[in-house]
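Coordinates in review
Chain by chain, the residues:
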Amino acid sequence: MRTALWVTLCVLGCSLALSTWFEHQLRDRLSGVTDYGAQDELWNTFAMNREFMQFVAAARVARHDPAALPALKLRYEILAGRVADTQNGALNSLFGSADTYHRLLAPVNAMFRQYDPIFARGIAPDEVLQLNRVIDVLEPSFYLAVQQIQSHFSDRLVNNERLIIRLGDWRMALLVLQFLLLLFFATVALRELWRSETRSRELDEARSAALQASAAKTRFLASVSHEMRTPLTAIIGYTEQALSQPLAPPQRRQLEHVLQSGNYLSGLIGNVLDVAKIEAGRVQLQEAPLALSAVADALGALFEPQAAAKGLTFSLKLDPDLPPGLLLDGGKWQQILINLIGNAIKFTERGSVCVRLDSVPLDDGLLLRAMVHDTGLGIAPEEQDRLFNRFEQTASGKLVGGTGLGLAISRGYARHMGGDITVDSAAGHGSLFVATVRAQPAAVPTPQPADRRPSLTGLRLVIAEDQEINRELMHDILAQAGATIFGTDNGLSVLDELGRDPAYDCVLLDYNMPALDGLATARALRARDWPGRVVLISAGLKPDDSRLAAAGVDLWLPKPFSTLALVQAVRGPASAHSPGVDRMPLLLSETDAIAQLGCTVARWHELATRGLARIVTLLDERLGIADATEQRRHAHSARGIALQIGTPRLACALAELEDTPSASAETIARNLHEQTLQALAALALPSTPLTEIPAP
């Protein structure tokens, strides 16, 4: 292709040079044809011939008539001037030769030199006779000179005409050559265009085939993972159930190993699904405020025992300039850190693993950076290129074990979050991994609740799961939490049951079911304006959030799930998808408040009492304030306290007072405050905290 381009440029350059040379030659030749000076000189030659004939005639007359001498003198002077003009112009232009000059016009000039003095003093009659004899001798040579001048000019005209015809032929030949060149290059261009379109079509077909293959692979992974995670859910769930019972130490240790292996297998399947989601472009960011101190505490609690078991020094430091809270996808960020720190401890036999979190300011936020440095095996430069390839491992990685997916997934998540992961390492000198993601400063979120199982007493649930063992597992877990349960294996039975009795609080739907899947069942329930909570459970890839929201799904719960995750999924807030049903908020929501505050029941009772007292103080202070903005601020503060201590109905009344202040809204808020205070006083205070269950 490059050679053809150079050949094309050379040919076009030669054609341009030939055209330029031809035009230059044509211009020079045509300038001779249009030489108006030569035409003037030819006219002077004709005029000289005419004047010579008139001079000869005057000389013949003066020979017999002396009165004609003045006219002879006039004709002599005119002829002398015309000869001088002619030999200065036409003779030199047409001949340019001294021999021609001497042969033709030298005798004429000799006559002028002889008779100039005679005519100056006045020519005598006898001298006129001598002049006629000179003219008789000179006349043939003069006419011959004039004839030759005219002949040469005629030859020039003929030559110019032939030149014009020849140049015209050359011009036509050059135009034909240029046309052929353009036709050739147009043919080559059309051929290349056709080949390019053919290649583009082949590439599109290959791309379509690759996308279809990728989609098929994604569907295969989702199907396989679903088939694997469905029994894994039962394995982990029943193992947790067994561990919650009194067991002999050997049996507990064996079950703990089973649970640990199940969780490892679950993580491995999750990694494969993460790869499928990254390849399919279905990675979704779930951004929420994240407390960095909580992340540091969780990572320390997870990795400090692992490092200590290997005799390593582990440190995790937060830069003092870091904001306490950031807005980002905390789950994916923590997964990145867990992969990097876990690898650092895995590949380090002695020394230390140091982690430092800091940030780099940006115009639209900041770049959160994690630097994980270890003194382990290190990575050779030639192996670093494939370090982030899926299902590939370095030589040291093969020695330790693993799937080769962790770093690939971590880099995919980091880049999806606007950052990247880089490595600086050398064999035998440890490694430095630097992970970056984009984030925004945010308020510190409320601390995560303690791992407590909420009570489900009084709740009525529907479980739709086509795998009987998993349906029994969920039934056992939720029944132990106090719920009343109706179980089925398909979505049609769910619609029938809720058609007979819609007073259920929550429906748990498996995503893949015969006859009617979970998503279609959820859409059908929302179409009937059923207001309860819908939880979709699946071991496959999570659908887009827009699809879940459009179907009215409140929560997506992936398999395998822990006992705590299942109970908390059911105990979440009630749905608000049905505009036609107004579900009255609870007067007291002690369970949610205890989970939010992370405290005991007794401590919550104390905080609720103090919070209600502070609310009535704010309402009293509000009455003495004239400024509307300050009144709204007091109502807003009271509403925040109500939400914090678990009094949702009072919080709604205070929100109404904040938005539309009025005497009636004030009265409603105070009445609800009094009812809430009475309900709190009448609440029987348990002597023990809620039952704790083991974390997964």
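What you see is a predicted model, and the numbers here were worked out from it, not measured in a lab.

What counts as what
- Residues numbered from 1 in each chain as written.
- Predicted model: local features only at pLDDT ≥ 70, side-chain atom pairs only at ≥ 80, totals over all residues.
- Heavy atoms only, no water.
- Helix = DSSP H or I, 4+ residues; strand = E, 2+ residues; numbered from the N terminus.
- Buried < 20%, exposed > 50% of the residue type's maximum accessible area, 1.4 Å probe, protein only.
- Contact = heavy atoms within 4.5 Å.
- Areas by Shrake-Rupley, 256 points an atom, 1.4 Å probe, with all protein chains shown as cover.
- pLDDT = per-residue confidence, 0-100.
- Core = buried A, V, L, I, M, F, W, Y, C linked by side-chain atoms within 4.5 Å.
- Salt bridge = Lys/Arg side-chain N within 4 Å of Asp/Glu carboxyl O.
- Phe/Tyr/Trp six-rings, centres within 6.5 Å; stacked < 30°, edge-to-face > 60°.
- Lys NZ or Arg CZ within 6 Å of the ring centre and 35° of its normal.
- Patch = residues over 30% accessible without salt bridge, like charges linked within 9 Å, V, L, I, M, F, W, Y side chains within 5 Å.
- Pairing = 2+ DSSP bridges.
- Axes fitted to C-alpha atoms, helices over the stretch in contact; angles between N-to-C directions.
- Parallel < 35°, antiparallel > 145°, perpendicular 65-115°, else oblique.
- Left-handed = near helix turned anticlockwise from the far one by under 90°.
- Nonpolar A, V, L, I, M, F, W, Y, C, P; charged D, E, K, R; others polar.

**Regarding the overall build of the protein chain**
- Across its full length, the protein chain carries 23 helices and 12 strands.
- Within the protein chain, buried positions represent 40% of all 696 residues.
- Considering only intrachain contacts with a sequence separation of at least 6, the fraction spanning at least 24 residues in the protein chain is 71%.
- Summed over all atoms, the accessible surface of the protein chain reaches about 36,700 Å², with 58% contributed by carbon and sulfur.

**With respect to the confidence of the model for the protein chain**
- Summing up the model confidence of the protein chain, the mean pLDDT is 77 and the portion of residues at 70 or higher is 77%.
- Of all the helices and strands in the protein chain, helix H12 (residues 395-400) carries the lowest mean pLDDT, 48, while strand S8 (residues 460-464) carries the highest, 93.
- Taken together, the stretch residues 397-403 has pLDDT below 50 and engages in 10 contacts with residues farther than four places along the chain or on a different chain.
- Here residues 574-584 is a poorly scored stretch, pLDDT under 50, and it has 21 contacts once near neighbours within four places are set aside; other chains count.

**Remarks on the nonpolar core**
- Counting residues in each nonpolar core, the largest one holds 38 residues, and the members touching the most others are Leu 328, Trp 333, Ile 336, Ile 341 and Leu 368.
- Secondary-structure elements contributing two or more residues to this core are helix H9 (292-309), strand S3 (325-328), helix H10 (330-346), strand S4 (352-362), strand S5 (365-374), helix H13 (406-416) and strand S7 (431-441).
- Ranked by the residues each element gives to this core, the list is headed by H10, at seven residues.
- Those residues within four positions of Ile 336 in sequence are excluded, and the remaining contacts are Ser 410, Tyr 413, Ala 414, Ile 421, Ala 435 and Val 437.
- If you look at the next biggest cluster of nonpolar residues, it comprises 27 residues, including Leu 72, Tyr 76, Ile 118 and Val 128.

**Let's talk about the environment of Ser 141**
- Mapped onto the secondary structure, Ser 141 falls in helix H7 (residues 125-243).
- In this structure the C-alpha to C-alpha distance between Ser 141 and Val 108, which are 33 residues apart in sequence, comes to 8.7 Å.

**Details of unusual backbone geometry**
- Of note, Asp 529 is a non-glycine position whose phi angle comes to about 65°, a positive value.
- As for its placement among the helices and strands, Asp 529 is situated in the loop between helix H16 (518-527) and strand S11 (533-538).

**Remarks on the pattern of salt bridges**
- Per the counting criterion, the structure on display carries 17 salt bridges.
- As a salt-bridge pair, Lys 310 and Glu 349 come within 3.8 Å of each other at their nearest N and O atoms. Pair noted here: Lys 310 is in the loop between H9 and strand S2 (313-318) and Glu 349 is in the loop between H10 and S4, with a separation of 39 residues, a long-range link.
- By relative accessible area, Lys 310 is classed as partly exposed at 30%.
- Between Arg 500 and Glu 497 there is a salt bridge, with its nearest N and O atoms 2.7 Å apart. With Arg 500 and Glu 497 both in helix H15 (residues 491-500) and three residues apart, this pair spans about one turn of that helix.
- Judged by relative accessible area, which is 60%, Arg 500 ranks as exposed.
- Judged by its relative accessible area of 10%, Glu 497 falls in the buried class.

**Focus on the side chain of Thr 521**
- Within the secondary structure, Thr 521 sits in helix H16.
- By relative accessible area, which is 0% here, Thr 521 ends up buried.
- Not counting chain neighbours up to four residues away, the residues in contact with Thr 521 comprise Gly 491, Val 494, Leu 495, Leu 509, Met 513 and Leu 516.

**So, the packing of aromatic side chains**
- Inspection of every chain in the model, using the stated rule, returns six aromatic pairs.
- Centroid distance Tyr 76 to Phe 112: 5.5 Å. Interplanar angle 70°. Geometry classified as edge-to-face. Of this pair, Tyr 76 sits in helix H3 (residues 69-88) while Phe 112 sits in helix H6 (residues 106-121), placing them 36 residues apart in sequence. Residue Tyr 76 shares its accessibility class with Phe 112, and that shared class is buried.
- An angle of 15° between the planes, with centres 4.1 Å apart, marks the rings of Tyr 76 and Phe 119 as stacked. Taken together, the residues Tyr 76 in helix H3 and Phe 119 in helix H6 connect sequence positions 43 residues apart. In this pair, the class of Tyr 76 matches that of Phe 119, namely buried.
- Taken together, the aromatic side chains of Phe 55, Tyr 76, Phe 112, Tyr 115 and Phe 119 make up a single cluster linked through ring pairs.
- In this structure, Arg 460 is placed above the aromatic ring of Tyr 504, and the distance from its NZ or CZ to the ring centre is 4.2 Å.

**Examining a nonpolar patch on the surface**
- A grouping of Val 176, Phe 179, Leu 180 and Leu 183 is seen on the molecular surface, where their side chains present a nonpolar patch of about 390 Å² in accessible area.
- Residue placement: Phe 179 occurs in helix H7.
- Overall, Phe 179 belongs to the exposed group, its relative accessible area being 52%.

**Quick notes on helix H18 (residues 563-570)**
- The buried fraction of H18 is high, at six of eight residues.
- When we look at burial in H18, the residues that qualify are Thr 563, Leu 564, Leu 566, Val 567, Ala 569 and Val 570.

**A look at the pairing of S4**
- Taken together, the six bridges between S2 and S4 define a ladder with parallel strand orientation. Across the sheet, residue Leu 318 finds its bridge partner in S4, namely Leu 357.
- Of the strand pairs in this sheet, S4 and S5 are connected by 10 bridges, and their pairing is antiparallel. Residue pairing across strands places Asp 358 opposite Arg 369, the latter belonging to S5.
- Between S4 and S5, which pair antiparallel one after the other, the connecting turn spans two residues.

**A short note on the packing of H9 against H10**
- Closest axis-to-axis distance for the H9/H10 pair is 11 Å, and the angle between their directions is 20°. The orientation of H9 with respect to H10, classified from their angle, is roughly parallel. Crossing geometry of H9 relative to H10 is assigned as right-handed. When H9 is examined against H10, the residues Val 295, Leu 299, Leu 302, Phe 303, Gln 306 and Ala 307 are found in contact with a partner set consisting of Gln 334, Leu 337, Ile 338, Ile 341, Gly 342 and Ile 345.
- Tallied by class, residues from the contact of H9 with H10 come to nine nonpolar, three polar and no charged.

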